[in-house]
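Listed here are the chains, written in short residue letters.
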Amino acid sequence: CNMSDIHRDLQEYYGNTLYSSSYYQEVQQSCTSSNSKASQKVKHIMSLLHNDVVSRYYGCGLVFPEAVEGCRIVDLGSGSGRDCYILSKLVGPNGYVTGVDMTKEQLQVARNHIDYHMKQFGYQTPNVSFLEGYIEDLIGCGIPRDSVDIIVSNCVINLCPDKQTALQEAYNILKSGGEMYFSDIYADKDLPPEVRKDKILYGECIGGALVWTDLMKIACEVGFAPPVLVDVSPITIDKPELKQLIGNARFCSATYRLFKVEPDDSNPSNTVIEVVYKGSIPDHPNEFNLSHDITISKCCPTFILASVAQLLMDSRLAPHFTFKASSSSSSYPNLSDFIHINPFEIMDKGGDTDKSGGCASSSCC
């Protein structure tokens, strides 16, 4: 994977420019968001991290999927290593986390603090490492095909010049049933060339933002099941000169799940599956949020179509649920319809207010 001008600009931006505190305060920090939604466990792990690692974190969401103990995880665009170190604690000593980044300065920060965090976590042997390379060439970085349980990425795909190749490489290294769980910035419409070419807007995660419909198209083309929206929040641009450039375009930070599963044609598209959560995932004693509007409860069944249930049945998450065919109806769409779920409409509505998944009666729980 040859270095492009965009790669060079980003290496300079994230390696030197952005870390200059005076400059950092002047530029709209579109990619940085609050950690208020993090679980208590993740917040505790954050408190154990070295300040040098935390201070150079430039993510836009939370990329800590459920049921990761013992998993092999790759972080695309791992930067200073903040998310990798949190995940290294979550996967435990029998799991392993690999960070991939192209910026030498960020990699140096991450690598310099491996011993510190292993001591903090009580690990005898490091379960994290950092590779230098491009996310468009993960196999070239030394990551074998079909070898990874989970991929995470935090506000990085938008920075990639060749997003289709990056997602194809992610698909290639995932095991069958694997999941890519990632947060990124999306636009609601095509952006003018002057926005795409602006180095500051590109570095700030705006200039390279995918239109959300393009994510749907690319993800399906490379082999993933239709993207599953988990969470969405607005991105605001406050600086007048930047607002003038972007015009009336809107941006959001959205978290999606991409599953590597083969379509199952044995069940008709209208088959309904009754799903019950066992309450067995650490830190999720009562319910599991599959998407922005599908919450599967321990207290009562959730009725979803077979194509959606297959995402769970074919993944690492399967042991945490029971599944059986049902004659009931489902209020949720078929998996193929997920490509039409507009994150901006969900954001404007404040999310779906009924996430009970069929547990409408308060007496059920």
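Look up a bit, the structure's there.
The rules behind each value
Residues numbered from 1 in each chain as written. Predicted model: local features only at pLDDT ≥ 70, side-chain atom pairs only at ≥ 80, totals over all residues. Heavy atoms only, no water. Helix = DSSP H or I, 4+ residues; strand = E, 2+ residues; numbered from the N terminus. Buried < 20%, exposed > 50% of the residue type's maximum accessible area, 1.4 Å probe, protein only. Contact = heavy atoms within 4.5 Å. Areas by Shrake-Rupley, 256 points an atom, 1.4 Å probe, with all protein chains shown as cover. Core = buried A, V, L, I, M, F, W, Y, C linked by side-chain atoms within 4.5 Å. Axes fitted to C-alpha atoms, helices over the stretch in contact; angles between N-to-C directions. Parallel < 35°, antiparallel > 145°, perpendicular 65-115°, else oblique. Left-handed = near helix turned anticlockwise from the far one by under 90°. Nonpolar A, V, L, I, M, F, W, Y, C, P; charged D, E, K, R; others polar. Arc of directions from axis to C-beta. 1 Å grid on protein atoms, 1.4 Å probe; cavity = no way out; pocket = protein on both sides within 12 Å on 5 of 7 lines; lining within 4 Å. Points joined across faces, edges and corners; volume = space filled by probe spheres on them. Pairing = 2+ DSSP bridges. Right-handed = clockwise from strand over helix to strand, strands pointing away. Salt bridge = Lys/Arg side-chain N within 4 Å of Asp/Glu carboxyl O. Phe/Tyr/Trp six-rings, centres within 6.5 Å; stacked < 30°, edge-to-face > 60°.

Peer 1: Which residues make up the overall build of the chain, and what values go with them?
Peer 2: A tally of helices and strands in the chain yields 14 helices and 13 strands. Here the chain holds 365 residues, and the buried ones make up 55% of them. Here the analysis covers contacts within the chain between residues at least 6 apart in sequence; of these, 79% occur between residues at least 24 apart. Element-wise, carbon and sulfur atoms account for 48% of the exposed surface of the chain, whose accessible area totals about 15700 Å².

Peer 1: Please give an account of the nonpolar core that cites residues and values.
Peer 2: Within soluble globular proteins, side chains that are nonpolar generally end up buried alongside one another. Grouped together as the largest cluster of nonpolar side chains are 63 residues, with contacts concentrated most on Leu76, Ile135, Ile151, Met180 and Tyr186. Counting residues per element, this core draws most heavily on helix α11 (residues 212-222), at six residues. The residues contacting Tyr186, other than those within four sequence positions of it, are Ala209, Leu210, Trp212, Leu215, Arg250, Phe251, Cys252, Ala254, Tyr256 and Phe344. Counting 33 residues, the second largest nonpolar core, distinct from the first, contains Val68, Val97, Tyr123 and Val128.

Peer 1: Help me get a handle on the packing of helix α8 (residues 163-173) against α11, residues and values and all.
Peer 2: The geometry of α8 relative to α11 is characterised by a closest axis approach of 9 Å and an angle of 40° between their N-to-C directions. When the axis of α8 is compared with that of α11, the two are oblique. Considering the relative orientation of α8 and α11, their crossing is right-handed. Together, Gln164, Leu167, Gln168 and Tyr171 of α8 and Leu215, Ile218, Glu221 and Val222 of α11 make up the contact between the two elements. Across the contact of α8 with α11, the residue classes tally to five nonpolar, two polar and one charged.

Peer 1: Run through helix α6 (residues 104-112), naming residues and quoting values.
Peer 2: Note: α-helices contain 3.6 residues per turn, so residues at a spacing of three or four share the same orientation. What α6 keeps buried is the set Gln106, Leu107, Val109 and Ala110. In an axial view of α6, the angular spread of the buried residues amounts to 160°, which keeps them on one side of the axis. Opposite its buried face, α6 presents the exposed residues Lys104 and Asn112, each directed more than 90 degrees away.

Peer 1: Before we move on, can you summarise the layout of surface pockets with the specific residues and values?
Peer 2: If you add up the space inside the second largest pocket, you get close to 350 Å³. Lining the second largest pocket are 20 residues, with Pro263, Asp264, Ser307, Gln310 and Leu335 positioned closest to its centre. Here the element with the most residues in the lining of the second largest pocket is helix α13 (residues 306-313); it accounts for four residues. The class makeup of the residues in the lining of the second largest pocket is ten nonpolar, seven polar and three charged.

Peer 1: Any details on the pairing of strand β1 (residues 72-76)? Residues and values, ideally.
Peer 2: With four of five residues buried, β1 lies mostly within the body of the structure. Bridge analysis of β1 against strand β2 (residues 96-101) gives five bridges, and the strand direction is parallel. Looking at the pairing, Leu76 lines up with Val100 of β2. As a crossover connection, the stretch from β1 through helix α5 (residues 82-91) into β2 is right-handed. One ladder, built from four bridges, connects β1 with strand β4 (residues 148-154); its direction is parallel. Following the sheet pairing, Leu76 is matched in β4 by Ser153.

Peer 1: Describe the sheet that holds strand β9 (residues 272-277), naming the residues involved and giving the relevant values.
Peer 2: Taken in spatial order, the three strands line up as β12-β9-β13 in an open sheet, and their pairing is antiparallel. The two strands at the open ends of the sheet, each matched to only one other strand, are β12 (302-305) and β13 (321-326). The mean inter-strand angle of the sheet, taken between neighbouring strand axes irrespective of direction, is 35°. In terms of strand pairing, β9 meets β13 through six bridges, oriented antiparallel. Residue Val272 lies in a different strand from β13, and its bridge partner there is Ser326.

Peer 1: Mind laying out the pattern of salt bridges, listing which residues take part and the relevant values?
Peer 2: For the coordinates displayed, the defined rule picks out twelve salt bridges. Here Lys175 and Asp149 are joined by a salt bridge, their closest N and O atoms 3.1 Å apart. Placement of the pair is Lys175 in strand β5 (residues 174-187) and Asp149 in strand β4, with a sequence separation of 26 residues. Using a relative accessible area of 32% as the deciding quantity, one classes Lys175 as partly exposed.

Peer 1: Could you give an account of the packing of aromatic side chains, with specific residues and numbers?
Peer 2: Scanning the entire structure with this criterion turns up seven aromatic pairs. Between Phe321 and Phe323, the ring centres sit 6.2 Å apart and the planes meet at 45°, which makes this aromatic pair tilted. Looking at Phe323, the relative accessible area reads 26%, which means it is partly exposed. Ring pairing ties together the aromatic residues Tyr277, Phe288, Phe321 and Phe323, which thus form one cluster.

Peer 1: Describe the packing of helix α3 (residues 40-48) against α5, naming the residues involved and giving the relevant values.
Peer 2: At a closest axis distance of 10 Å, the pairing of α3 and α5 adopts a crossing angle of 120°. By the angle between their directions, the pair α3 and α5 is classed as oblique. In this structure, α3 meets α5 at a crossing whose hand is right-handed. Along its contact with α3, which presents Lys41, Val42, Ile45 and Met46, the element α5 presents Arg82, Ile86, Lys89 and Leu90.

Peer 1: Describe in detail the environment of Gly95, supporting the description with residues and values.
Peer 2: If you trace the backbone, Gly95 turns up in the loop between α5 and β2. Gly95 gets classed as buried once you look at its relative accessible area, which sits at 5%. When sequence neighbours within four positions are dropped, the list of residues in contact with Gly95 reads Gly70, Cys71 and Asn127.

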